[in-house]
Amino acid sequence: MVDYQGLLQAGSPLRPAKAEAVPVRRWISAGGWRRLAILAALAAIWEVAARIVGSPLLLPGFVTTVTAFGQGVASGELPLRTLASLQVLVAGYAIGVVAAAILAGLATASRLGAELLSTLTAMFNPLPAIALLPIALLWFGLGTPSLLFVIVHSVLWPLALAAHAGFRAVPRPLSMVGQNLGLGGAAYVARILVPAAFPAILAGLKIGWAFAWRTLIAAELVFGVSSRSGGLGWFIYVNRNQLETANVFAGLLAIILIGLLVESLLFRTLSRLTVERWGTQNP
């Protein structure tokens, strides 16, 4: 059997002979300075708008929010709430990814699986995860299992659809290359289908992450978990009831920062190590 990975590394037209590394020092030249400029402009607009409104109760300024954020971090409450949310989020996201991989694999392997995925997604994908909260409370009670239930729902369907679409879009000549190399079963999926479909899979992972993150915060805003183990949504809910608007915005700022970090560090790194290295992304 021919080593397909070796063929790719040797300079197959499916992949450049040598992937270009992107060192950290080139981050600014790659557009990092533009992102920083955009963030700085948004912060300035925020501060000006707050001064125009003139009511910290309605709209605290950027400086006030950053101060409240720093105080929350120093007290340890904000990191504790963030950790509680991320633990539930990672668990639910992982379950959703595994379930989506199974559904997409079945849909790719058989016509019955494809019909199953099509039917299930038509039924459940349009259903907002937040609408399942009453059912989650009824089935699992007030706690983490209810949060996991709605997170898995928010991740499963868009990711399964994206992965299945990516598998279906794999060019026929590429599939024939794998067959000519004698690949089959798991090896064919791992060496042909997944690399070729990974741009679509990566897009589904991003969408699933965004859906899971905002579903979790919305669910915590509705019922949280408890005053001791609640996450960022619970932090925002409690401070809203206490009219601590600066702390509410500090919680929102934490959510935004986590989103930026996940996009900049996790997904960009994953993209660089996969689709860019494999040559499956348009230049």
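Preceding block: the structure.
Conventions adopted
- Residues numbered from 1 in each chain as written.
- Predicted model: local features only at pLDDT ≥ 70, side-chain atom pairs only at ≥ 80, totals over all residues.
- Heavy atoms only, no water.
- Helix = DSSP H or I, 4+ residues; strand = E, 2+ residues; numbered from the N terminus.
- Buried < 20%, exposed > 50% of the residue type's maximum accessible area, 1.4 Å probe, protein only.
- Contact = heavy atoms within 4.5 Å.
- Areas by Shrake-Rupley, 256 points an atom, 1.4 Å probe, with all protein chains shown as cover.
- Phe/Tyr/Trp six-rings, centres within 6.5 Å; stacked < 30°, edge-to-face > 60°.
- Salt bridge = Lys/Arg side-chain N within 4 Å of Asp/Glu carboxyl O.
- Patch = residues over 30% accessible without salt bridge, like charges linked within 9 Å, V, L, I, M, F, W, Y side chains within 5 Å.

Student: Explain the overall build of the protein chain to me, please; I cannot follow it from the model alone.
Tutor: Of the regular secondary structure elements, the protein chain holds twelve helices and zero strands. Along the chain direction, N to C, the helices and strands of the protein chain fall in the order α-α-α-α-α-α-α-α-α-α-α-α. Relative to its 283 residues, the protein chain shows a buried fraction of 37%. Partitioning the contacts of the protein chain with sequence separation of at least 6, the portion at a separation of at least 24 is 70%. Carbon and sulfur atoms form 68% of the exposed surface of the protein chain, whose accessible area is close to 15700 Å².

Student: Is there a simple way to think about the packing of aromatic side chains in this case?
Tutor: Each aromatic ring pair is characterised by the separation of its centres together with the angle its planes make. Considering all chains together, one arrives at nine aromatic pairs under this definition. Ring geometry for W139 and F140: centres 6.3 Å apart, planes at 80°, overall edge-to-face. Under the relative-accessibility criterion, W139 is labelled exposed at 56%. With a centroid separation of 5.8 Å and an interplanar angle of 75°, the aromatic rings of W139 and F149 are classed as edge-to-face. Here F149 lies in helix α7 (residues 144–168) and W139 lies in helix α6 (residues 133–140), a separation of ten residues in the sequence.

Student: For this particular structure, what's the right way to read the pattern of salt bridges?
Tutor: Any two side chains of opposite charge can pair if their charged atoms end up close together. Scanning the model with the defined rule gives three salt bridges in all. Between E47 and R51 there is a salt bridge, with the nearest N and O atoms lying 3.2 Å from each other. Of the two residues, E47 and R51 are both situated in helix α2 (residues 28–53); the distance of four residues between them amounts to about one turn of the helix. A residue is classified by how much of its surface remains accessible, and E47, at 16% relative accessible area, is buried. The shortest N-O distance in the salt bridge between E77 and R81 comes to 3.9 Å. In this pair, E77 and R81 both sit in helix α4 (residues 77–109), four residues apart, roughly one turn of the helix.

Student: What is the right way to read a nonpolar patch on the surface from this model?
Tutor: A surface patch of nonpolar side chains, amounting to about 730 Å² of accessible area, comprises L36, I38, L39, L42, I45, I256, L257 and L260. Contributions of two or more residues to the nonpolar patch are made by α2 and α11 (245–273). Examining the composition of the nonpolar patch, we find that five residues originate from one element, α2, more than from any other. With respect to the helices and strands, the residue L36 is situated in helix α2.

Student: Would you explain the side chain of T245 in this entry?
Tutor: Relative to the assigned elements, T245 resides in helix α11. Relative accessible area serves as the criterion here: at 14%, T245 is assigned to the buried category. In this view, T245 contacts P56, L57, L58 and P60; residues no more than four positions away in its chain are not counted.

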